[in-house]
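Here is what each chain is made of, one letter per residue.
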Amino acid sequence: MADLSRTLPLKRSSVQSAHERIKDHIQLTPVLTSTTLSNLASTPQTPEALVGTPFEGQRPARPRINFFFKCENYQRTGSFKIRGAFHALSRLSEEELAKGVVTHSSGNHAQALALAARTHGIPAHIVMPTISTPSKIAATQGYGANVYFSGSTSDEREAVVKDVIRDTGAVLVPPYDHPDIILGQGTMALELEEQAREWVRKDPALSVHHKGQQDVTNGHRNTSHTNGIHASSLVSEPGHLDAVIAPIGGGGMLSGIATALHGTGTYVFGAEPSFEGADDARRGLAAKKRVTTVRTLTIADGLRTPVGEIPWTIISDKTKMRGIHAVTEEQILQAMRLVLERMKLFVEPSAVVGLAVALYDEEFRSLVEKEGGEEGWDVGVVLSGGNTTVEAISKMFAVSEGKGERMEGKLGGQGERIAENVAG
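Residues numbered from 1 in each chain as written. Predicted model: local features only at pLDDT ≥ 70, side-chain atom pairs only at ≥ 80, totals over all residues. Heavy atoms only, no water.

Here's the deal with the packing of aromatic side chains
And then number 1: Under the counting rule described, the total for this entry stands at 5 aromatic pairs.
And then number 2: Between Phe67 and Phe69, the ring centres sit 5.2 Å apart and the planes meet at 45°, which makes this aromatic pair tilted. Phe69 shares its class with Phe67; the two are buried.
And then number 3: One aromatic cluster in this structure is built from Tyr267, Phe269, Phe364 and Trp377.
And then number 4: Between Arg322 and the ring centre of Tyr267, over which it is positioned, the NZ or CZ distance is 4.5 Å. (Phe/Tyr/Trp six-rings, centres within 6.5 Å; stacked < 30°, edge-to-face > 60°. Buried < 20%, exposed > 50% of the residue type's maximum accessible area, 1.4 Å probe, protein only. Lys NZ or Arg CZ within 6 Å of the ring centre and 35° of its normal.)

Laid out in structure tokens, this is it:
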């Protein structure tokens, strides 16, 4: 990678510069809304849904949430990763590019770097875990990359990367732990905030704040945000997002989003699976120490890695990140079902973890109820990718059939009632 002494500082203006560099190589992915899912999020969960959770016996939260979905599943190579890959290569010298590039990835960064390398006409060497989704392996090879296989942990991947660098002299382009990657991934936040504003300009009713827009015009809207990051002068523009929530694995995307939105008055939240300790970011924040090793087979395969050292400096900064929340495998599957069936979007499990938090995590939902008040929050949700297959999705739901059907009965009933009366 480019030497750290040559990288841009991790701030909003650097993300804007990164966007200028890569905008000709990426798709301006759409931002979509869903009345059905917004109404579902704004409906209290049933007491039965909280049985067996830390919130059992508590009054279900009653937040009001309107969603704006950033659909990176429509991005080139099927995920947000292309942003960081193209930005990273744009920062390398001609001499560095001539050596070719190497990385390790379970699939999305692999495909992104392979395409970026092909665009630059240089070799790409990709180390992938043997348990990677076959379609992701095939896609990476289809972009012309040389694929090497490793174990599933970050230590096992990095050992093979060292061998490849020794044998080829290729330049390492890490999947998340570098400023150039972070700044590239953060470009989606710049698009999301502007696209959400455009939606609300066209249809003010899409915002939870639309009834108060007259007060905004008169310059005296009273916001209920309590954190010092939020200032009335920052949230007065129609379409301003109260929060953005995105998945976190290695942390490149989430730290990029937090960097891009720092100082704008928009809270940033992270979402991760809880299965087999996959919630390393949440646990690390609680312990005030980065967790360096993760061993998990969560269905959200893109989130199986620990947070990187550089992303951690941003994730652990309370002036940039509001919090991290985690959800179960069943909740991820239920959120995925809703996106597939209600929004007609093809997404992978990792992509919907943020939505699952907004729908089912009572800590997050209670926060929105408390700080959003009667108006509520406009929430941007990043759908990070769609690199999976019909066969893989079928197997996930088949394996969880017994347990999943019980969970769907708890979590999905509200949505069914809403759907009878609300068009999505």
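A few points about the environment of Pro60
And then number 1: Tracing the chain through its elements places Pro60 in the loop between helix H2 (35-41) and strand S2 (65-71).
And then number 2: Judged by relative accessible area, Pro60 falls into the buried class, the value being 11%.
And then number 3: Between the C-alpha atom of Pro60 and that of Thr43, which follows or precedes it by 17 residues, the distance is 9.4 Å.
And then number 4: Residues contacting Pro60, with those up to four places away along its chain left out, are Pro44, Gln45, Pro47, Leu50 and Glu362. (Helix = DSSP H or I, 4+ residues; strand = E, 2+ residues; numbered from the N terminus. Contact = heavy atoms within 4.5 Å.)

Some details on the pattern of salt bridges
And then number 1: Under the criterion given, the structure shown has 22 salt bridges.
And then number 2: Lys70 is the salt-bridge partner of Glu191, the closest N and O atoms lying 2.8 Å from each other. Here the residue Glu191 occupies a position in helix H9 (residues 187-202), and Lys70 occupies one in strand S2, the gap between them amounting to 121 residues. You'll find Glu191 and Lys70 in the same group, each marked buried.
And then number 3: Glu191 is the partner of Arg83 in a salt bridge, and the nearest nitrogen-oxygen pair spans 2.7 Å. Residue Arg83 is found in helix H3 (residues 81-90), and its partner Glu191 is found in helix H9; the two are separated by 108 residues along the sequence.
And then number 4: Residue class for Arg83 comes out buried when judged on its relative accessible area of 0%.
And then number 5: Judged by relative accessible area, Glu191 falls into the buried class, the value being 7%.
And then number 6: Here the salt bridges do not stand alone but share partners, grouping Arg12, Glu193, Glu194, Arg197, Glu198 and Arg201 into one network. (Salt bridge = Lys/Arg side-chain N within 4 Å of Asp/Glu carboxyl O.)

A look at the nonpolar core
And then number 1: Membership of the largest hydrophobic core comes to 43 residues, with the highest contact counts inside it found for Phe67, Phe69 and Leu355.
And then number 2: When residues no more than four places from it in sequence are discounted, the contact partners of Leu355 are Leu37, Phe67, Phe69, Ala335, Val339 and Val381.
And then number 3: The next biggest cluster of nonpolar side chains, apart from the first, holds 34 residues, and it includes Phe80, Leu183, Ala189 and Ala246. (Core = buried A, V, L, I, M, F, W, Y, C linked by side-chain atoms within 4.5 Å.)

What to know about unusual backbone geometry
And then number 1: Even without being a glycine, Lys288 presents a positive backbone phi close to 60°.
And then number 2: Its location among the elements puts Lys288 in the loop between helix H13 (280-287) and helix H14 (309-315).
And then number 3: Of note, Lys344 is a non-glycine position whose phi angle comes to about 60°, a positive value.
And then number 4: With respect to the helices and strands, Lys344 occurs in the loop between helix H15 (329-343) and helix H16 (353-360).
And then number 5: Given the relative accessible area of 62%, Lys344 is considered exposed.

Examining the sheet that holds strand S6 (residues 171-172)
And then number 1: Read across the sheet, 4 strands follow the order S5-S4-S3-S6 without closing on themselves; strand pairing throughout is parallel. Every other strand in the sheet has two partners, leaving strand S5 (146-150) and S6 as the edge strands with one partner each.
And then number 2: Both strand S3 (residues 101-104) and strand S4 (residues 124-129) contribute to a ladder of 4 bridges, which runs parallel. Its bridge partner lying in S4, Val101 is registered against Ala124. (Pairing = 2+ DSSP bridges.)

Topic: empty space enclosed by the protein
And then number 1: Following the criterion strictly, the structure yields 3 cavities of 30 Å³ or more and no others.
And then number 2: Estimated volume of the largest cavity: approximately 300 Å³.
And then number 3: Lining the largest cavity are 28 residues, with Phe80, Lys81, Gly250, Gly302 and Leu303 positioned closest to its centre.
And then number 4: Within the residue set of the lining of the largest cavity, elements represented by two or more residues are helix H5 (108-120) and helix H12 (252-261).
And then number 5: Here the element with the most residues in the lining of the largest cavity is H12; it accounts for 3 residues.
And then number 6: Taken together, the residues of the lining of the largest cavity sort by class into 8 nonpolar, 16 polar and 4 charged. (1 Å grid on protein atoms, 1.4 Å probe; cavity = no way out; pocket = protein on both sides within 12 Å on 5 of 7 lines; lining within 4 Å. Points joined across faces, edges and corners; volume = space filled by probe spheres on them. Nonpolar A, V, L, I, M, F, W, Y, C, P; charged D, E, K, R; others polar.)

Read these as layout, nothing more, since geometry by itself doesn't imply function.
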